[in-house]
Structure formats: structure tokens, C-alpha cells
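Understanding the architecture of this molecule
Listed here are the chains, written in short residue letters.
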Amino acid sequence: MPSSASDTAPPDLAIVGAGPAGLAAAVTAAGLGLRVTLVDAGERPGGQYYRHPAPGLGAERPEALHHGWSAFAEREAALRAHEEAGRITYLPAHHVWAVVPDGDAWTLHAVAGTGPDEAAAALHARAVLLATGSYERQLPFPGWTLPAVVGAGGAQAMLKSGLVLPGKRVVVAGSGPLLLAVAGSLAAAGARVPAVVEAAAYSAYAGHLPALLRNPGKLGEAATYGSALLRRHIRLLTRHAVTEAHGTDRVEAVTVARLDRDWRPLPGTARRIPCDALAVGHGLVPQLELATGLGCATRPTADGTLALALDAEQRTSVAGIWSAGETGGIGGAQLALLEGEIAAHAIAGRTVPAALARRRARLRAFAAAMGAAHRPGDGWTGWLRDDTDVCRCEEVTAGRIREAVDELGARDARTVKLLTRSGMGWCQGRMCGPAVAALAGDGPAPDRRPLSCPVPLRHLAQLPPADG
Amino acid sequence: MSPTPRTLVGGAPSATYLLRFDGRELTAQAGQSIAAVLWGAGILAWRTTRQGGAPRGAFCGIGSCYDCLVTVNGRPNQRACLVPARPGDTVTTQEGTGHAELGV
């Protein structure tokens, strides 16, 4: 299959990411007459949210693992119809690692395929929409590197795509509404979930009553998850955290402690919960490296991450580069679908329907309320011991990072990295970044990864020389 | 009967096949990643770290964390959560960099 459109003129629009935002943007833009290339790292459209089993697994009811499946199914059908009609070129298993200006247009460099079948690909387009989504925020704790301690989103992804569970008795912990969805899915698939351990207090939402009341659909969603937990007898412990995972070859139990308002564990409140797996995550982080590589401006968000600064029509600060969904601040699939549609209208030069703009404003207000409620408190570092690995790749402990800060004078994550190698491994700091920044007393810094995924040197060697 | 992921979504795989993990025979369902096959067999670790020799397996499940690196058919550093299991694959626990034979 060719890796780029066969026509000589570049397509009007390249979309990076076929999750809710990218998929909605692609079918809307094609419907408005644009020629679109949709390029995605995954094997199938849907992104992480609508991740589903490969056809070979023969799942009859993939929707049983999903909330709002029809929104995906309709758009996937539209994608196939547009593909058939030649309006969309869909390139799955293409991981874009850089977007660079190319005269009036843009060139996107990608690694196509996985493992031994990897090949270099270059695509061109007159405008680019970055819909690269997010990844999970992790806050380390003693024992978090033990086998069967997995990301909450990771457990969900493995279940949705591979129909497998990490264990039989799975504690779900961290912070954010994703935990409720994960606990519900794991339990529906047969795992026992002894507890959902949430560091924030859901009462924190009450401080944002107007945003809640303007989003009855979101409250209904929360009530659905809440009642699913009740039905399955899953305890929800708020203002609590897993402060240690125990075991040798895999996790066998976790220590759970009560937290104060700043997420500091309260002495004398620790208790042990036996389990054979732990699914943990502390919200999501926008995946921005392609955008920041282009110089797109960012803004701090209520949940303590950085998101792209976007205008009401999804433009970044760089002309010709647009973005939609989680990259503009974590807000969920409904918002991502909507923003994809808004961006498509704007890129096609159409007026954005007022109803879309109103719904976007409402859902963004809800996202900000949610983000503020689950923003990690500064006290979480109180559960780190000096021998706790913070950087999983390079095996750098909290003790070494504290030494870099307290004794060697590091004041930001970058200096800590230069002194300790934290964040220099395979994951490029995606897992330890927020933790290292917190230990350095630094705010979140924009992703700086010139290549957004590992690229074989032979691909770089094959690049044509730059014209200037 | 308690539910399973399969009873939840119904249907059946188009094929099942065998692969080998550290000399053990495991059954894969068509469409599963290597990590999914290993989890399905109750195996949660298939790599040891370069410095501490600590056991690791899948963590992020979406190809971002690289903790699930494994040796597949003699080729080290493959992300088990992304690489599809193929009939007859030989999967081995990856120790350290996976390049011990280079003696560096």
C-alpha cells in the first residue's frame, strides 16, 4: 500500500490520531469536501477510548466494554464510506514522529508498521490537525515497579484490545473519573475489585456547581458508573491512596492510607488490602510533543498539566496547525468528538455551527471543574521513600533525585535529568516526568522530544537532504 | 459462573495457535498481542532491568512506557503490548539490554 496520496497535489488536511477527535474531524472534513489523510499509530481507528479487539478475536459485542459505542460505530462507518469514495486516505500503524514546514505545506514523518516490518514514511498536507490525545499521569510509590502493578488505563486497554485481565483481585487506585470506568469494566469482565482508592474527594466538585448543573449528561454518566460500583459491591474510598505495593515477583497486597487535603498520608491510618494486581493512574496528560516541536503555545490547566492554547475554532498559535481533543486540555471523548467537528468546519472555511460552540464551552467548563478536583496535592511526595524508583527506565530513585535538588542545586526537571538520567530512558520521561518536576519544585514543562517515538537510524539516514 | 472478558463480548477467535515462552507452550487467540497472550496465561513479567535485574512486564499497555520489552524470535526490545502474536513465535524473557551475546 502506498504511504502517501497518489495525487501530485498534497491533500487539504492531514490528521494525526484517529481517536474521537481525529476521527470526528476526518469524517466531518471529508463531508465538507476536503481531501483528508488520517494517520494513526494504532492498528484500528478509535484511539485509546474506543480501543477494541482485532477482528481475529471475533468479539460479537465489543460495545459491552464501552460507554457511547454508537458515536464511534457511526463515524467508523462514515470513515469506511469516505475511504471507498477516495475522500479519506486512512493510514493505520503509522506513528508520526515529526511535523515540519515544507513551503506552503507540511511534511509529516512517520514510522510505519511495528517490529521487523518497520518502514519510513513521509506524507504531505496543506493543513495539519493534531489529535494526539493523552497518556496517563503516574505518581510513583514504593513497589510501583512490581509486576502486576499496571496503569489503570493500561489495564483498560489490555482488556479492551486483548480480552485479558492482570489478575483476579484487582485494586484500582489513583485519581480521576477514569478509575470508576476502569473498575466497572474489570468487574464486568470477572475481576474482583476490593476497592477503588481515590485521592481526591468527590465533594470537591461541589465548588463548581454551575459547571456541573450545565452538564446533566456528565452527571448522568457519573451516576451510571457510581451505580455500577454499588451493584458490584465495590467500595469507593475517597481521600485515600495506595502508599505502597508489597510482593516479590508480583504484587500481593497494597497499603492504603487516608490523605489530608494536600494528599499527605495521615499517620496511623494505613491498612493492608490483599490483591494480585493493582491498576493505578492519576489522570491524563496531553500528548503535545508534535505541537511543541512546531512551537505551538501552551497554557497551564486546572489539573496541573499543560495543554495547547487554542482559539474558539481549534487553531494553535502556529498558522496552519490545528488541534482538537485532549491536547487542548483533558476533557473526555464527548468533548473530543465535538472539537474534531468544530476544527473540520473551521479548516474547511465554514462557519462553526453555534450549537457546537455552545456545547464546547459547556463541556470545557465541566473539564476545568473536574481537573481542579483531581489536581494532585503537593503532599503526595510524602509517600515516596528514598529507595523508591521514580524513573522506571533508568532506575533512578527518589533519594538520588532529592540529592540532586537538595545538595546539587537542581531547580527544574531538566537539570535533575542531566544529573541523574531520570527521564532519559525509552519512555522519554512520559512515566516519571510529572513526579520529577514535583520533586524538583518545578511546574509542568512542555514536552521537548524532537522525535515523538524511537526512530531507527536507517530511517533518518534515508531522509532527503533539506532544501534550506 | 463468574463472567470473563470472553463471556462479556461473546463470539470466538477465528483461530488459536501455539507460541513458546521460555520453553513453555502457550495458546494465543488470533488478534492478541504478545502481552495479552502472556497475561492470559497468568504471566506478568518477561523482562529484567539492566541495573537491578528486577522483573518487569506490561505497565501502560499502549506502547508508551517500554516496560514490556521482550525478545521475540531472537529480536530483543520488542514492545509486547503492541506486537501481534503470530503462530509459532518463540518469546523469551529479555535480560537487561537483550544484547548479552555482544558481550558489552
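Residues numbered from 1 in each chain as written. Chains lettered and ligands numbered in written order. Predicted model: local features only at pLDDT ≥ 70, side-chain atom pairs only at ≥ 80, totals over all residues. Heavy atoms only, no water.

- Identification of chain B as (2Fe-2S)-binding protein from Streptomyces flavotricini is taken from an unreviewed UniProt entry.

- In the annotation of an unreviewed UniProt entry, chain A is listed under the name NAD(P)/FAD-dependent oxidoreductase and assigned to Streptomyces flavotricini.

**What about the overall build of chain B?**
- Looking only at helices and strands, chain B features two helices and eight strands.
- When the helices and strands of chain B are listed from N to C terminus, the series reads α-β-β-α-β-β-β-β-β-β.
- Among the 104 residues that make up chain B, the fraction classed as buried is 51%.
- Within chain B, residue pairs in contact and separated by at least 24 positions form 34% of the contacts whose partners lie at least 6 positions apart. (Helix = DSSP H or I, 4+ residues; strand = E, 2+ residues; numbered from the N terminus. Buried < 20%, exposed > 50% of the residue type's maximum accessible area, 1.4 Å probe, protein only. Contact = heavy atoms within 4.5 Å.)

**Focus on helix α2 (residues 69-84) of chain A**
All names here are of chain A.
- Taking 1.5 Å per residue, 16 residues should reach 22 Å; α2 reaches 23 Å between its end C-alpha atoms and fits that length.
- Taken residue by residue, α2 has W69, A71, F72, R75, L79 and H82 as its buried positions. Down the axis of α2, the sector holding all buried residues measures 150°, keeping them to one side. Residues of α2 that are exposed and angled more than 90 degrees away from the buried face: E74 and E84.
- Positive backbone phi, at 80°, marks G86, one or two positions downstream of α2. (Expected span 1.5 Å × (residues − 1). Arc of directions from axis to C-beta.)

**Here's the deal with the packing of helix α10 (residues 398-406) of chain A against helix α11 (residues 413-420) of chain A**
Residue and element names in this part refer to chain A.
- It is the contact of α10 with α11, at a shortest axis distance of 10 Å, that shows an interaxial angle of 115°. In this structure, the crossing between α10 and α11 has a hand that is right-handed. In this structure, α10 uses R400, I401, A404 and V405 to contact α11, whose residues at the interface are V416, L419 and T420.
- Along the lines of polarity and charge, the residues of the contact of α10 with α11 split into five nonpolar, one polar and one charged. (Axes fitted to C-alpha atoms, helices over the stretch in contact; angles between N-to-C directions. Left-handed = near helix turned anticlockwise from the far one by under 90°. Nonpolar A, V, L, I, M, F, W, Y, C, P; charged D, E, K, R; others polar.)

**Brief notes about the pattern of salt bridges**
Residues and elements named next belong to chain A.
- One pass over the structure, following the stated rule, counts 21 salt bridges over all chains.
- Notably, a salt bridge pairs E76 with R80, separated by 3.3 Å at the nearest N-O pair. Remark: R80 and E76 occur in helix α2; sequence separation between them is four residues, near one turn of the helix.
- Across the pair E339 and R364 runs a salt bridge whose closest N-O atoms are separated by 3.0 Å. Taken as a pair, E339 in helix α8 (residues 333-347) and R364 in helix α9 (residues 354-374) lie far apart in primary sequence, 25 residues in all.
- What makes R364 buried here is its relative accessible area of 16%. (Salt bridge = Lys/Arg side-chain N within 4 Å of Asp/Glu carboxyl O.)

**Some remarks on the sheet that holds strand β13 (residues 240-247) of chain A**
Residues and elements named next belong to chain A.
- One open sheet accounts for three strands, arranged β13-β14-β15; its pairing is antiparallel. Of all strands in the sheet, those bounded by a partner on one side alone are β13 and β15 (271-274). Shown here is a sheet whose adjacent strand axes are inclined to one another by a mean of 30°, direction ignored.
- Pairing between β13 and strand β14 (residues 251-258): seven bridges, direction antiparallel. Bridging from a neighbouring strand, A245 pairs with V254 of β14. (Pairing = 2+ DSSP bridges.)

**Examining the packing of helix α1 (residues 20-31) of chain A against α8(A)**
All names here are of chain A.
- Interhelical geometry of α1 versus α8 gives an angle of 35° and a closest axis separation of 7 Å. The chirality of how α1 crosses α8 is right-handed. Residues P20, A21, A24, A25, T28 and A29 of α1 touch α8, and the partners they reach there are A333, A336, L337, G340, E341, A344 and H345.
- Residues of the contact of α1 with α8, tallied by class, amount to nine nonpolar, three polar and one charged.

**So, the sheet that holds strand β16 (residues 277-282) of chain A**
All names here are of chain A.
- Spatially, the five strands line up as an open sheet ordered β9-β16-β10-β11-β12, and their pairing is parallel. Only two strands of the sheet have a single partner each, and these edge strands are β9 (149-151) and β12 (235-238). With direction set aside, neighbouring strand axes in the sheet form an average angle of 20°.
- Of the strand pairs in this sheet, β9 and β16 are connected by three bridges, and their pairing is parallel. Residue pairing across strands places G151 opposite V280, the latter belonging to β16.

**A short note on the environment of A398(A)**
Residue and element names in this part refer to chain A.
- Here A398 is to be found in helix α10.
- What makes A398 buried here is its relative accessible area of 0%.
- For the pair A398 and T381, spaced 17 residues apart in the sequence, the C-alpha separation amounts to 9.3 Å.
- If we ignore the near neighbours within four places in the chain, the residues touching A398 are L384, R385, D386, T388 and V390.

**Topic: the interface of chain A and chain B**
- Taken together, the contact pairs 51 residues of chain A with 44 residues of chain B.
- Summed over both partners, the interface of chain A with chain B buries about 4100 Å², with 59% contributed by carbon and sulfur atoms.
- Considering only the surface of chain A that becomes buried against chain B, M158(A), E395(A) and W426(A) emerge as the three largest contributors, covering 16% of it.
- Between the two partners, chain A and chain B, sit two salt bridges. (Buried area = accessible area lost by both parts, 1.4 Å probe.)

**Describing the confidence of the model for chain B**
- Taken residue by residue, chain B gives an average pLDDT of 93. The fraction at 70 or more is 96%.
- At the low end of the mean pLDDT range in chain B sits strand β8 (residues 94-95) of chain B, at 89; at the high end sits helix α2 (residues 34-40) of chain B, at 98. (pLDDT = per-residue confidence, 0-100.)

**Remarks on the packing of aromatic side chains**
All names here are of chain A.
- Evaluation of the coordinates by the stated rule reveals seven aromatic pairs over all chains.
- The interplanar angle of 90° and the centroid separation of 4.9 Å between the aromatic rings of Y49 and Y50 together place this pair among those described as edge-to-face.
- Take Y49: its relative accessible area is 29%, and that puts it in the partly exposed class.
- When the ring of W380 is compared with that of W383, the centres are 6.0 Å apart and the planes differ by 55°; the resulting orientation is tilted.
- We classify W383 as buried; its relative accessible area is 4%.
- Pairwise contacts between aromatic rings join Y49, Y50, W69 and F72 into one cluster. (Phe/Tyr/Trp six-rings, centres within 6.5 Å; stacked < 30°, edge-to-face > 60°.)

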